[in-house]
Amino acid sequence: MEESPKYERRKIGIVICESENVNVEALKYFILTLNKLQTIFEYQLLPYDRKNRMLQILSSENVRDREEVRSLVGGFVIDFREYLNKHNDEFGLIDDFPDHYVIISFVKFHDEYYSMRKNNISVIGLGYWEREMAPPTVLEFILTLIMRESIASICNPLKKSVHLGTKGCLCDFTNDLGEARYKVLIGYICDHCKNELVKDGHTNLLHEFEKLLSKEWMGKRDDPSSPAGIIKNLGFDLFCTKGFQKTAYEKFIDKLPEEAAKTFATIILTAIFTAVTTYFGIKLAK
Ligand SMILES: [Zn+2]
């Protein structure tokens, strides 16, 4: 009898801490697109447990001690698995526990770092994100950090940051968000990190992540079937929205298709040109 194929991707559980600041629908969609674009990891969104001590701290609006969060990691895994078990039992679902958890929060860490890793837990803290840090958009930023944490979860030599210089490499050591933007904008994996991935048996991961980092898969905002178009319809424009949510101006521009936006700009420029030439024409006639 022919053996049926077994699919065994590494499971990454994502927990998003509650925040009114972020377009969660667009973020969730963006994260789940990763499942179709690569074959190494399977990402799953997990429910938020309001009673969990660590998640409560990470949902806080106050500045929090990163080491305090680190000290709660062990308890988190036990409590959270119990929480998931309870839900599985209640609805008769299979146990499909993640191998690694990534918690996305909007907390500010006291030392202004934006991430923390311990055992099979990664915590991202985006409290210091500012509109001025765009580009890239905050959604692209989160996706890149999830990819970075995914590599840390599977490749021992790249568990920690290894090079001080900022190269625009996915594994750059950058202690603040302003500097980390380059790993998102450049989307590069440096020679050192490439070699480590290959030596550790992750050649496919390297090739698939390089394609993901190129962002070509995002498509155009005016194509409703492309990820960029779908995200636009979910209320976030990858080419225009700067902060966690759209401003009134961004909403206005977003409603215009690309051609209409160009026409709008032409009308404004023509009006300015006419006003200027009329003004000088009158002056010269005097
Ligand atoms: Zn590198």
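Preceding this paragraph is the structure being described.
Residues numbered from 1 in each chain as written. Predicted model: local features only at pLDDT ≥ 70, side-chain atom pairs only at ≥ 80, totals over all residues. Heavy atoms only, no water.

**Structural notes on the coordination of the zinc ion**
Tetrahedral coordination by four donors places them ideally at 109.5 degrees to one another around the metal; octahedral coordination by six donors ideally gives 90 or 180 degrees.
1) Next: The protein atoms that coordinate the zinc ion are His 163 (NE2), Cys 169 (SG), Cys 190 (SG) and Cys 193 (SG), at distances of 2.1 to 2.3 Å.
2) Next: Between consecutive donors of the zinc ion, the numbers of intervening residues give the motif H-x5-C-x20-C-x2-C.
3) Next: You can call Cys 193 buried: its relative accessible area is 0%. (Donors = N, O, S within 2.8 Å, 3.2 Å for Na, K, Ca; no water. Buried < 20%, exposed > 50% of the residue type's maximum accessible area, 1.4 Å probe, protein only.)

**Concerning the pairing of strand S4 (residues 100-105)**
1) Next: In terms of burial, S4 is a largely internal element, six of the six residues being buried.
2) Next: Across the two faces of S4 the burial is the same, with His 100, Val 102 and Ile 104 and Tyr 101, Ile 103 and Ser 105 all buried.
3) Next: Bridging between strand S1 (residues 10-16) and S4 involves five bridges; their strand directions are parallel. Of the residues in S4, the one forming a bridge with Ile 16 is Ile 104.
4) Next: Pairing of S4 with strand S7 (residues 121-125), which is carried by five bridges, proceeds in the parallel orientation. Across the sheet, residue Ile 103 finds its bridge partner in S7, namely Val 123. (Helix = DSSP H or I, 4+ residues; strand = E, 2+ residues; numbered from the N terminus. Pairing = 2+ DSSP bridges.)

**Concerning the nonpolar core**
1) Next: If you look at the biggest cluster of nonpolar residues, it comprises 53 residues, and the most contacted ones within it are Ile 104 and Phe 209.
2) Next: Here this core takes nine residues from helix H5 (residues 138-154), the largest share from any one element.
3) Next: In this structure Ile 104 touches Ile 14, Val 15, Ile 16, Cys 17, Ile 31, Ile 124, Leu 126, Ile 142 and Ile 146, once residues within four positions along its chain are discounted.
4) Next: Formed by 23 residues, the second largest nonpolar core is a distinct cluster that contains Cys 17, Leu 46, Val 69 and Ile 103. (Core = buried A, V, L, I, M, F, W, Y, C linked by side-chain atoms within 4.5 Å. Contact = heavy atoms within 4.5 Å.)

**A few points about the sheet that holds S1**
1) Next: The strand order across the open sheet formed by five strands is S2-S1-S4-S7-S6, and the pairing between neighbours is mixed. A strand with exactly one partner marks an edge of an open sheet, and here the two such strands are strand S2 (41-46) and strand S6 (115-118). When the angles between neighbouring strand axes are averaged without regard to direction, this sheet yields 20°.
2) Next: Strands S1, S2 and S4 of the sheet are contacted by helix H1 (residues 24-37), whose axis makes an angle of about 155° with S2.
3) Next: Sheet strands in contact with helix H4 (residues 73-91) are S1, S2, S4, S6 and S7, and its direction is about 100° off that of S4. (Axes fitted to C-alpha atoms, helices over the stretch in contact; angles between N-to-C directions.)

**With respect to the packing of aromatic side chains**
1) Next: Scanning the entire structure with this criterion turns up nine aromatic pairs.
2) Next: With centroids separated by 5.0 Å and ring planes inclined at 15°, the aromatic side chains of Phe 76 and Phe 80 adopt a geometry described as stacked. Pair noted here: Phe 76 and Phe 80 are both in helix H4, with a separation of four residues, about one helical turn. A single burial state applies to Phe 76 and to Phe 80, both of which are buried.
3) Next: Members of the aromatic cluster, each reached through a chain of ring pairs, are Phe 76, Phe 80, Tyr 83 and Tyr 101. (Phe/Tyr/Trp six-rings, centres within 6.5 Å; stacked < 30°, edge-to-face > 60°.)

**Focus on H1**
1) Next: Here H1 spans 21 Å end to end across 14 residues, near enough to the 20 Å set by a 1.5 Å rise per residue.
2) Next: Residues of H1 that are buried include every one of Ala 26, Leu 27, Phe 30, Ile 31, Thr 33, Leu 34 and Asn 35, and no others.
3) Next: Those residues of H1 that are buried are in contact with S1, S2, S4, H5, helix H8 (203-214) and helix H9 (227-233). (Expected span 1.5 Å × (residues − 1).)

**Side note on helix H7 (residues 191-199)**
1) Next: Residues of H7 that are buried: Cys 193, Glu 196 and Leu 197. Relative to the axis of H7, the buried residues are bounded by an arc of 100° and lie together on one face. Of the exposed residues in H7, the ones pointing more than 90 degrees away from its buried face are Asp 191 and Lys 199.
2) Next: On its buried side, H7 packs onto H5 and H8.
3) Next: Phi turns positive, to about 85°, at Gly 201, one or two residues after H7. (Arc of directions from axis to C-beta.)

So, to be careful, I would describe these as geometric facts and stop short of saying anything about function.
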